[in-house]
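Single-letter residue listing:
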Amino acid sequence: MEKYDLCLKHSYSHGYLIVGEENNIRNAISKEISTVNPDYLDLYSGRHNTETLNQLTKSIEKNLRDFDIAISDKQVDSLVFHVLIALNRIETNNPIKCEPNYNKETVEYQVSQLINKDIENIFDMTLSDDEVYYFSKQVKSNSPVMHEIEGNIEEDDEVIIFYNIFLRGIYDYSDINFFDDDNLRISLFKHISLFLYRLKNKSQIEKSSLTKIKDEFPYALELAVYGLKGISRKYNRYITEAESLYFAIHLALSLESNKSIKKYNIAVLMDESETLFRLITHRINSVLKEKINTIQLLRYKDLVKQERLENVDLIINSTGNKLWFDIPMISIKDYLSDSDMVSIKQTLEQLDNRNELEKFICKEMYFVMECESKEEVLKNTIHAINKINNLDEEKLYASVMNREQYCSTAFSNRIAIPHPLDPGEFPNFISICRLRKPVLWDDKYVQLIFLFSLDGSETATKEFLDKLSKIIMDDKKSISLNKTSNYEEFIHEFLQPK
């Protein structure tokens, strides 16, 4: 009682009574009962069924997320409990009263109003203004750090140290320097302060609705994992996958905002017409300008000068002759048709994916097998890789399992992307394992496993994970890959642009 500035009174005729401010009473009930009884919501749910309570929980989570307020599952349950208390007061005609002229302009009050609209739809009851105000105070009490740091965020030494450890871990792994991104620094400082509060109070977010973020930005998640390695050691705390995903969002935004686009050199092979060349050049630039570095004219009679092709990435052949080059080539009749433009665009997308990846993908590292568990898949695949690369099987397996502890590498569409936590200690490789039947990999079933080890500074690392994210997000593509019958079919389908 003293912890919440309350006292307990009793009488033989009326039993026990908790005396104190309503806000403190609700805090005591929701927080202390939850410690004693994990199913404490059932004690107060009354006539409200599980589906109704789930709708309320989702409303609170969604509205808090929309206002960039991140709290733990237990804190969400605490807010649910406050709503149930308020509803009970309405049903028993026992309304609360609070001080007049309270501030309705706060973020907490605004989000509480939105939740109240959902409460009306879910329970056919609406909270009074006083109840909404009380609820907003509970929202604030569950995320106090956000308000303490506003306007003075950079003076917190612990946040700065965290920020430096986090970005340094990413740099050591990938050679990507995020220190110059001012927008990332501001957003990370705010998020770090909130996260530190949750970390120290053992109230990390355990569940997250950010599955799509994981599927769409696996590379950003990977960077977040390596950045948080040092944090986990510093505080001697395990960091949940859900928390890692929130850090990945910030990194993904920075990567998207600052990504560089590959540019290519195109040679147009033709006989004489420079006017046609200018028309072709104009059409290509008007559609693909951001991906084009140079477009040069090549005369058919000058083909003997092979040095002219040294820096060419794509040849457009308008001569009508059948020619063969090691460089990708597209043959056109006279002028670029719409289908020709589609072919050019697809070819450049293929070049985006193939330039680095093809160095590491080979037929010898393609396996088809049948296993019963995640562990068996990893052990059998590593054993098969060892026959080709001559590595330490036990050391690689241990490193891969260590990486799994930070964040599961199982994704949507039955795809897993396991890899060692310390890739620098192993040779670079990409292996592909297709299972004849899926196995349970943590909380997902998996059938297609890309076990790889690539130094984080390799350009191929990002390209590989970006390529896989497109497959993970594309139901048809992943199904097509699993339907292939051999390596040649698989790699052809894998390297095709989406």
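Just so it is clear, the structure is predicted and the values come from calculations on it, not from any experiment.

(A) A look at the pairing of strand 1 (residues 7-11). Examined bridge by bridge, strand 1 and strand 2 (residues 15-19) share 5 bridges and lie antiparallel to one another. When the sheet's bridge partners are listed, C7 is paired in strand 2 with V19. The antiparallel hairpin formed by strand 1 and strand 2 contains 3 residues in its connecting segment.

(B) Layout of the sheet that holds strand 4 (residues 292-299). With respect to topology, 4 strands assemble into an open sheet ordered 4-3-5-6, the strand pairing being parallel. Because the sheet does not close on itself, it has two edges, and the strands there are strand 4 and strand 6 (329-331). Strand after strand, the sheet turns through a mean of 20° between neighbouring axes, direction not considered. Here strand 3 (residues 264-270) pairs with strand 5 (residues 314-317) via 4 bridges, running parallel.

(C) Quick peek at the pattern of salt bridges. By the definition in use, this model includes 16 salt bridges. Across the salt bridge formed by D172 and R168, the nearest N and O atoms sit 3.0 Å from each other. Of the two residues, D172 and R168 are both situated in helix 8 (residues 157-174); the distance of 4 residues between them amounts to about one turn of the helix. Notably, a salt bridge pairs K437 with E372, separated by 3.5 Å at the nearest N-O pair. Separated by 65 residues along the polypeptide, K437 in strand 10 (residues 429-441) and E372 in the loop between strand 7 (366-369) and helix 15 (374-389) bring together distant segments of the chain. Here K437 falls in the partly exposed class, since its relative accessible area comes to 34%. Salt bridges sharing partners connect three or more residues here, namely E370, E372 and K437.

(D) Just the nonpolar core, in detail. Core analysis: the biggest nonpolar cluster contains 63 residues, and F162, F166, F247, L251, F450, F464 and F494 have the highest contact counts within it. Of all elements in the fold, only helix 8, helix 9 (182-200), helix 11 (218-235), helix 12 (241-258), strand 10, strand 11 (444-453), helix 17 (459-472) and helix 19 (487-495) reach the threshold of two or more residues within this core. Here F247 is in contact with F162, F166, L188, H191, I192, F195, A224 and L228, once residues within four sequence places are set aside. Core analysis: the second largest hydrophobic core is formed by 27 residues, I96, Y109, Y134 and V139 among them.

(E) Fine view of the side chain of N317. Within the secondary structure, N317 sits in strand 5. Look at N317 and you get buried, because its relative accessible area is 1%. There is a polar contact of 2.7 Å between the side chain of N317 and the side chain of T319. One polar contact links the side chain of N317 to the main-chain carbonyl oxygen of N321, over a distance of 2.9 Å.

Calculation rules
- Residues numbered from 1 in each chain as written.
- Predicted model: local features only at pLDDT ≥ 70, side-chain atom pairs only at ≥ 80, totals over all residues.
- Heavy atoms only, no water.
- Pairing = 2+ DSSP bridges.
- Helix = DSSP H or I, 4+ residues; strand = E, 2+ residues; numbered from the N terminus.
- Axes fitted to C-alpha atoms, helices over the stretch in contact; angles between N-to-C directions.
- Salt bridge = Lys/Arg side-chain N within 4 Å of Asp/Glu carboxyl O.
- Buried < 20%, exposed > 50% of the residue type's maximum accessible area, 1.4 Å probe, protein only.
- Core = buried A, V, L, I, M, F, W, Y, C linked by side-chain atoms within 4.5 Å.
- Contact = heavy atoms within 4.5 Å.
- Polar contact = N/O pair within 3.5 Å; in protein donor to acceptor, adjacent residues only side chain to side chain.

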